[in-house]
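The lines below spell out each chain.
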Amino acid sequence: MTTAKSISNKDIPVPHSKYPQKQIPLIGLGTWQAAPGEVEAAVYESLKAGYTHIDAAAIYQNEPEVGNGIKRYLQETGKSRDELWVTSKLWNNAHRPEDVPAALEKTLKDLQLDYLDLYLIHWPASFEPHGELIPKDDHGLIKLDQTNPPHEKTWAALESLLATGKVRNIGLSNFTKSETENVLKHAKHKPDFIQLELHPYLNQLPYTKWLQSEGIVVQAYSPFGNLNPLYAVGDEGKVVDHQVVKEIAAKYGKTTSQTVLSWGAAHNYTVLPKSANAGRIRENLDIFELEAADVEKIDGINLNLRYNDASTSFGYVFFSDEKDATTIASQTFENVKQKVLATAKGAVGK
């Protein structure tokens, strides 16, 4: 058995940060899909176990509980908030520049914090503002913001937050290369981070290597791929059950989950596993250094298989860079068809 060298305590520098003295911990606790009543305990247990990095978002609708978990830990241990890294995300209904500061203030209030270490634009789509998080019309279709705020305008609003000290780093999430290039073209402050769906079935290596060459730190959400219960498992099987992953895990005497997280770490991604189970939370923290040959073997199981694509439900074609013209046309047509059918149904019912 090969000796596994722990890298659980590794931090990653942030090249463009206005606060370069603070580096981001390699592993963080994801809070997406954490059930009500569970996330406070999960955050608290993760911090007790040694995590110092929590990933949150307004749309998860659990930030008050996340804040309670952080507060409880800090009060019990006497630790400083500055020893933690906390991320949140600007939701789609607050992309108009004038709405960004208020969205941040609500998140800070919910998390019971004075500042965020990182604030991301969660998705490139803009929803109708000043109402529900997921605004829908009378036919149940999502209402997009008809003013369609350009990404560079929303980005400029995030840049303005840096001067307030309430946000230390800013970045993107679920943006394609072309969308990121557009932000870079207009940015006064380069994105410090980008958060993407990344796992061995969707390694996106050409894109992530380019991002890193630009000094943008890459974060991996859904690092276990289709272990997420929302994602369908097809003939490809689960990432953690793949034979290559199992063989490498056995070589180091580790679990397949730890091996998959260690693969992400080998590519210098910060990895964001989610769990509400105290034992699994501790297990996920035990990531280790893979030999280069083993990293390449896991790279080789890539399927370019994306599980989190809300194009037809959000009415916006995401990830167009990786789609052919037929797929883009099909998804665009499906979005238009839904609107037409809903309008026709409404007219018949009048």
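Scope of this entry: the structure provided in the associated data block. Keep in mind it's a predicted model, so treat the numbers as computed, not measured. (Residues numbered from 1 in each chain as written. Predicted model: local features only at pLDDT ≥ 70, side-chain atom pairs only at ≥ 80, totals over all residues. Heavy atoms only, no water.)

Before going further, it helps to examine helix α3 (residues 100-111). Between its first and last C-alpha atoms α3 spans 17 Å; for 12 residues at 1.5 Å apiece the expected length is 16 Å, and the two agree. Residues of α3 that are buried: V100, A103, L104, T107, L108, D110 and L111. Buried residues in α3, looked at end-on, bunch into an arc of 165°, giving them a common side. Facing away from the buried surface of α3 by more than 90 degrees, the exposed residues are A102, K106 and K109. (Helix = DSSP H or I, 4+ residues; strand = E, 2+ residues; numbered from the N terminus. Expected span 1.5 Å × (residues − 1). Buried < 20%, exposed > 50% of the residue type's maximum accessible area, 1.4 Å probe, protein only. Arc of directions from axis to C-beta.)

Turning to the packing of aromatic side chains, a few remarks are in order. Describing an aromatic ring pair means giving the distance of the ring centres and the angle of the ring planes. One pass over the structure, following the stated rule, counts 15 aromatic pairs. Considering the side-chain rings of Y252 and F288, the 5.0 Å spacing of their centres and the 45° angle between planes classify their relative orientation as tilted. With Y252 in helix α7 (residues 243-252) and F288 in the loop between α9 (278-285) and α10 (292-299), the pair connects residues that are 36 residues apart, well separated along the chain. Taking relative accessible area as the criterion, F288 reaches 1% and is therefore assigned buried. Through successive ring pairs, a cluster of aromatic residues spans W91, W123, F127, F314, Y316, F318 and F319. Across the ring face of Y44, the terminal group of R72 is positioned such that the distance to the ring centre comes to 3.5 Å. The side chain of R306 reaches across the aromatic face of F319, ending 3.6 Å from its centre. (Phe/Tyr/Trp six-rings, centres within 6.5 Å; stacked < 30°, edge-to-face > 60°. Lys NZ or Arg CZ within 6 Å of the ring centre and 35° of its normal.)

A few words now on the pattern of salt bridges. For the coordinates displayed, the defined rule picks out 16 salt bridges. E291 is the salt-bridge partner of K251, the closest N and O atoms lying 2.9 Å from each other. Remark: E291 occurs in the loop between α9 and α10 and K251 occurs in helix α7; sequence separation between them is 40 residues. The partner of K251 in a salt bridge is D294, and the shortest N-O contact between them spans 2.8 Å. Taken together, the residues K251 in helix α7 and D294 in helix α10 connect sequence positions 43 residues apart. Looking at K251, the relative accessible area reads 26%, which means it is partly exposed. We classify D294 as buried; its relative accessible area is 1%. Through salt bridges with shared partners, a single ionic network connects K22, R81 and D117. (Salt bridge = Lys/Arg side-chain N within 4 Å of Asp/Glu carboxyl O.)

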